[in-house]
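Secondary and tertiary structure notes
Chain residues, written in single-letter form:
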Amino acid sequence: MSVQINPSILSADFARLAEEAKAVQGADWLHVDVMDNHFVPNLTLGVPVVESLSRATDTPLDCHLMIEAPDRWAPAYVEAGAGSVTFHVEAAAAPVRLAREIRAKGARASMALKPATAIEPYEDLLPELDMLLIMTVEPGFGGQAFLDIMLPKIRRTRQLIDRHGLDLWLQVDGGVSAETIERCAEAGADVFVAGSAVYGADDPAMAVRALREQAAAKGVDRPR
Ligand code: DX5
Ligand code: ZN
């Protein structure tokens, strides 16, 4: 699995989303943070914006749903054009059924864990997923400091994935930057969300390339 860099549009200019998508050409996916002001204390965007954005860019959309009742709402994001839909396990009533529904509708199914949620209870669910997201900040806001204490969880998750021989992407989200991406890659992450580190840079496309090079140099393709 090679390195993927997914800029988070949470740090972009919401009035110019189509242009902001073009500003990160070369990115693998656009990370779209959906917040409902209930699961997290912040409010962003919903299905109509995802629908418009998916028409405005060729970069596939990686929708990260920080919402209550994802069982009810996640399928609509697939219909809106998302190529990957991530729900939080803390909010899902029936994560297996939901992952199967997302896949059946034609998107990649992904499950997210908040910092205090352990991976071990979900070992048997991993084959149902295309990606697992380990939050490296408390979800809700961009620009927070990376939580180093998540590195052991990333490492243990990578071991579980390898032990089961799964083709499961391991995404990290929160505080990923030039200072922290190498530690994430060394621990076994292969999909990197970066908001402020990309959109806060003078040249966002160059920031994507630089992060990719850093991660590739330390990443899971190399002996650990
Ligand atoms: C936080 C969001 C992240 C956020 C990351 O809850 O899920 O995707 O945009 O932003 P940075 O990279 O600035 O921490
Ligand atoms: Zn996110």
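Analysis parameters
- Residues numbered from 1 in each chain as written.
- Chains lettered and ligands numbered in written order.
- Predicted model: local features only at pLDDT ≥ 70, side-chain atom pairs only at ≥ 80, totals over all residues.
- Heavy atoms only, no water.
- UniProt positions renumbered as here; feature names shortened; annotations may be inferred.
- Helix = DSSP H or I, 4+ residues; strand = E, 2+ residues; numbered from the N terminus.
- Core = buried A, V, L, I, M, F, W, Y, C linked by side-chain atoms within 4.5 Å.
- Buried < 20%, exposed > 50% of the residue type's maximum accessible area, 1.4 Å probe, protein only.
- Phe/Tyr/Trp six-rings, centres within 6.5 Å; stacked < 30°, edge-to-face > 60°.
- Near = heavy atom within 4 Å.
- Polar contact = N/O pair within 3.5 Å; in protein donor to acceptor, adjacent residues only side chain to side chain.
- Areas by Shrake-Rupley, 256 points an atom, 1.4 Å probe, with all protein chains shown as cover.
- 1 Å grid on protein atoms, 1.4 Å probe; cavity = no way out; pocket = protein on both sides within 12 Å on 5 of 7 lines; lining within 4 Å.
- Sits in = over half its atoms within 2 Å of the grid points.
- Nonpolar A, V, L, I, M, F, W, Y, C, P; charged D, E, K, R; others polar.
- Donors = N, O, S within 2.8 Å, 3.2 Å for Na, K, Ca; no water.
- Tetrahedral: all angles 85-135°; square planar, octahedral: opposite > 155°, others 65-115°.
- Pairing = 2+ DSSP bridges.

- Under the annotation held in an unreviewed UniProt entry, the protein carries the name Ribulose-phosphate 3-epimerase and is attributed to Actinacidiphila alni.
- UniProt, in the comment section headed Catalytic activity (unreviewed entry), describes the protein in these words: "D-ribulose 5-phosphate = D-xylulose 5-phosphate".
- For the record of the protein, the UniProt heading Function (unreviewed entry) holds the text "Catalyzes the reversible epimerization of D-ribulose 5-phosphate to D-xylulose 5-phosphate."

Some details on unusual backbone geometry
- Residue asparagine 37 is not a glycine yet carries a positive backbone phi of 65°.
- Despite not being glycine, alanine 69 has its phi angle at roughly 55°, a positive value.
- With respect to the helices and strands, the residue alanine 69 is situated in the loop between strand S3 (61–66) and helix H3 (70–79).

Quick word on the nonpolar core
- Within the largest apolar cluster, 61 residues are counted, with the highest numbers of intra-cluster contacts made by Ile9, Val32, Ile102, Leu132 and Phe192.
- The next biggest cluster of nonpolar side chains, apart from the first, holds five residues, and it includes Met35, Phe39, Val40 and Met66.

What about the packing of aromatic side chains?
- In the structure shown here, the tally under the stated rule is one aromatic pair.
- When the centroid spacing of 6.1 Å and the interplanar angle of 75° are considered together, the rings of tryptophan 29 and tryptophan 169 count as edge-to-face. With tryptophan 29 in the loop between helix H1 (17–22) and strand S2 (30–35) and tryptophan 169 in strand S7 (residues 169–173), this residue pair connects regions lying 140 residues apart in the sequence. Both residues of the pair, tryptophan 29 and tryptophan 169, count as buried.

What about the site of ligand 1?
- By nearness alone, 20 residues border ligand 1, and Ser8, Gly140, Asp173, Gly195 and Ser196 come closest of all.
- At 2.8 Å from an oxygen atom of ligand 1 is found a side-chain nitrogen or oxygen belonging to serine 8.
- Expressed as a share of its isolated accessible area of 380 Å², the protein-covered part of ligand 1 is 100%.
- Here ligand 1 occupies the largest pocket.
- Elements represented by at least two residues in the shell around ligand 1 include exactly S2, S3 and strand S8 (191–194).
- Per element, the largest residue contribution to the shell around ligand 1 is three residues, and it comes from S2.
- Across the shell around ligand 1, the residue classes tally to eight nonpolar, 10 polar and two charged.

A short note on the coordination of the zinc ion (ligand 2)
- Taken together, the protein donors to the zinc ion (ligand 2) comprise His31 (NE2), Asp33 (OD), His64 (ND1) and Asp173 (OD), at separations of 2.1 to 2.3 Å.
- Note that the zinc ion (ligand 2) binds six donor atoms; their angles at the metal cover 72 to 172°, and the shape is octahedral.
- Mapped onto the sequence, the residues coordinating the zinc ion (ligand 2) show the spacing H-x1-D-x30-H-x108-D. Pair noted here: histidine 64 is in strand S3 and aspartate 173 is in strand S7, with a separation of 109 residues, a long-range link.
- Aspartate 173 sits in the buried class, given a relative accessible area of 8%.

Quick notes on the pairing of strand S1 (residues 4–7)
- The alternating pattern of S1 places Gln4 and Asn6 on one face and Ile5 and Pro7 on the opposite face, and all of these are buried.
- Note that S1 and S8 share four bridges and pair parallel. Note on S8: the bridge partner recorded for glutamine 4 is valine 191.

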